[in-house]
Amino acid sequence: MSLQNRVTPFGEIIATQARGTMMGNRGGRFHRDDRTLGRRRWASHHWICCELHYRNQYHEPMGMGYTSLFFLDEVTALAAGHRPCFFCRRADAKRFFSLMEPKLTTDAADRLAHQQRLASIPCEDCGSLPDGAMIALSDAAFAIRGTHLLRWSPFGYGEILPRTSAMTARLLTPPLYVGILARGYEPRWHQSALEITGGAA
């Protein structure tokens, strides 16, 4: 039986047999002793995205330390409000924060992102969003990649739609992170996104 530890672009945590390519956590442990979730969905406002494997270290997905979460890719993690980890992804994290405006401490950035990920933010101009941002059309999540919208699923990206600025949508990726993407941060994409767009944006 699959554990409830896979994160969607909406920030929801679901159980699925689909495998993720990146791992993360939400500041500590919030699962119960029987490895199920109660009502809590985070331990703190520090939400991070980590390497799936790091220096051959092994941990229990729902062990004593923290509640491990898994993502299709980094695009999904950013949409859900998770930033690069300074421990296992230090170079990525430094690059990510160097592109942040305004310049904030890690704690201040995490607090602002936490406020933004809990808000419902309309997408006023979807045509201007950078690659790697995600939006919601009705109840479906789509990633921006060049002139395309790629429909998200736990198993990968499937349906591809043309992007237009006139779309009525909701922004999923926190605006703080959208700005970082716009300034040149390149998140990791699931292989299905490269295949469906021919490897190009």
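Structure shown above.
Let us look at the structure shown here. (Residues numbered from 1 in each chain as written. Predicted model: local features only at pLDDT ≥ 70, side-chain atom pairs only at ≥ 80, totals over all residues. Heavy atoms only, no water.)

**Some points on the sheet that holds strand β12 (residues 169-171)**
1) Next: On the basis of which strands lie adjacent, the open sheet formed by 6 strands has the order β7-β12-β8-β9-β10-β11 and antiparallel pairing. One side of each edge strand has no neighbouring strand; the edge strands of this open sheet are β7 (121-123) and β11 (156-162). Averaged over all adjacent pairs, the angle separating strand axes in this sheet is 40 degrees, with direction ignored.
2) Next: One ladder, built from 4 bridges, connects strand β8 (residues 134-137) with strand β9 (residues 140-145); its direction is antiparallel. Among the inter-strand pairings, Ala136 is bridged to a residue of β9, identified as Ala141. (Pairing = 2+ DSSP bridges. Helix = DSSP H or I, 4+ residues; strand = E, 2+ residues; numbered from the N terminus. Axes fitted to C-alpha atoms, helices over the stretch in contact; angles between N-to-C directions.)

**Here we look at the pairing of strand β3 (residues 22-25)**
1) Next: Residues of β3 alternate between two faces, with Met22 and Gly24 on one and Met23 and Asn25 on the opposite face, all of them buried.
2) Next: As paired strands, β3 and strand β4 (residues 48-51) are joined by 4 bridges and run antiparallel to one another. Bridged to Gly24 within β4 is Cys49.
3) Next: Bridge count between β3 and strand β5 (residues 69-71): 3 bridges; the pairing is antiparallel. When the sheet's bridge partners are listed, Met22 is paired in β5 with Phe71. (Buried < 20%, exposed > 50% of the residue type's maximum accessible area, 1.4 Å probe, protein only.)

**Remarks on the state of the cysteines**
1) Next: For the coordinates displayed, the defined rule picks out 0 disulfides.
2) Next: Not engaged in a disulfide, the cysteine Cys49 finds its nearest cysteine sulfur in Cys50; these two sulfurs lie 6.6 Å apart.
3) Next: Residue classification places Cys49 among the buried positions, given a relative accessible area of 0%. (Disulfide = S-S within 2.5 Å.)

**Considerations on the nonpolar core**
1) Next: Grouped together as the largest cluster of nonpolar side chains are 26 residues, with contacts concentrated most on Phe96, Leu129 and Ile135.
2) Next: Those elements that place two or more of their residues in this core are α2 (90-98), α3 (106-117), β8, β9, β12 and α4 (175-182).
3) Next: Broken down by element, the residue count for this core peaks at 5 residues, all from α4.
4) Next: Setting aside its immediate chain neighbours within four residues, Phe96 contacts Leu78, Arg83, Pro84, Tyr177, Ile180 and Tyr185. (Core = buried A, V, L, I, M, F, W, Y, C linked by side-chain atoms within 4.5 Å. Contact = heavy atoms within 4.5 Å.)

**A word on α3**
1) Next: With 12 residues, α3 should cover 16 Å at 1.5 Å per step; its first-to-last C-alpha distance of 16 Å lies within 8% of that length.
2) Next: Here α3 has its buried residues at Ala109, Asp110, Ala113, His114, Gln116 and Arg117. End-on, the buried residues of α3 take up no more than an arc of 165 degrees, which puts them together on one face.
3) Next: Each element contacted by the buried residues of α3 is listed here: α1 (74-80), β6 (83-84), α2, β7 and α4. (Expected span 1.5 Å × (residues − 1). Arc of directions from axis to C-beta.)

**Concerning α2**
1) Next: Buried within α2 we find Ala93, Phe96 and Phe97. Projected down its long axis, α2 shows its buried positions confined to an angular sector of 90 degrees, all on one face. Every exposed residue of α2 that faces more than 90 degrees away from the buried side is listed here: Ala91 and Lys94.
2) Next: Summarising the contacts, the buried residues of α2 are in contact with α1, β6, α3 and α4.

**Some words on unusual backbone geometry**
1) Next: That bond from Glu101 to Pro102 is cis: its omega, -5 degrees, falls within 30 degrees of zero.
2) Next: Here Pro102 shows up in the loop between α2 and α3.
3) Next: Even without being glycine, Arg35 reaches a positive phi, approximately 65 degrees.
4) Next: Looking at the secondary structure, you find Arg35 in the loop between β3 and β4.
5) Next: Arg35 sits in the partly exposed class, given a relative accessible area of 37%.
6) Next: The phi dihedral of Ser138 is positive, around 60 degrees, even though this residue is not glycine.

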